[in-house]
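One letter stands for each residue in the lines below.
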Amino acid sequence: DYPDVARQEGATGTVEVKVTLTVGGAVAGASVYKSSGNPALDNAAVKAAEQSSYAPEVDACQTVAGSYLFRADFTGQ
């Protein structure tokens, strides 16, 4: 969700969030990898990344823990 305060300020930007997954594909952690420069947008992106669902990587027919980049674009629309 686009934060109301950011929308009112006309803030836009792109946030990249590093998401770390467990072997089962659950989110073990999420943190800002590349900031938009706006804390409200950054926090909204982390929240969205945490609430998304992922599939773990498969290596040698076994699921493995890993990290991915989640990208959120806030365009003000």
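The structure under discussion appears in the preceding block.
Definitions and limits used
- Residues numbered from 1 in each chain as written.
- Predicted model: local features only at pLDDT ≥ 70, side-chain atom pairs only at ≥ 80, totals over all residues.
- Heavy atoms only, no water.
- Helix = DSSP H or I, 4+ residues; strand = E, 2+ residues; numbered from the N terminus.
- Contact = heavy atoms within 4.5 Å.
- Areas by Shrake-Rupley, 256 points an atom, 1.4 Å probe, with all protein chains shown as cover.
- Lys, Arg positive; Asp, Glu negative; His and termini not counted.
- Charge placed at Lys NZ, Arg CZ, Asp CG, Glu CD.
- Buried < 20%, exposed > 50% of the residue type's maximum accessible area, 1.4 Å probe, protein only.
- Salt bridge = Lys/Arg side-chain N within 4 Å of Asp/Glu carboxyl O.

1. So, the overall build of the protein chain
Right, on to step 1. When helices and strands are counted, the protein chain shows 2 helices and 5 strands.
Right, on to step 2. Moving toward the C terminus, one meets the helices and strands of the protein chain in the order α-β-β-α-β-β-β.
Right, on to step 3. Referenced to the eigenvectors of the C-alpha coordinate spread, the extents of the protein chain come out at roughly 50 × 20 × 20 Å.
Right, on to step 4. Looking at the protein chain alone, contacts between residues at least 24 apart form 62% of all its contacts between residues at least 6 apart.
Right, on to step 5. For the protein chain, the exposed area adds up to about 4900 Å²; of that, 48% sits on carbon and sulfur atoms.
Right, on to step 6. Charge-centre separation for the protein chain: the mean point of 5 positive side chains lies 3 Å from the mean point of 9 negative side chains.

2. Quick notes on the side chain of Asp42
Right, on to step 1. Considering the arrangement of structural elements, one finds Asp42 in helix α2 (residues 39–51).
Right, on to step 2. Buried within the structure, Asp42 lacks any salt-bridge partner; its nearest side chain of opposite charge belongs to Lys34, at an N-O separation of 11 Å.

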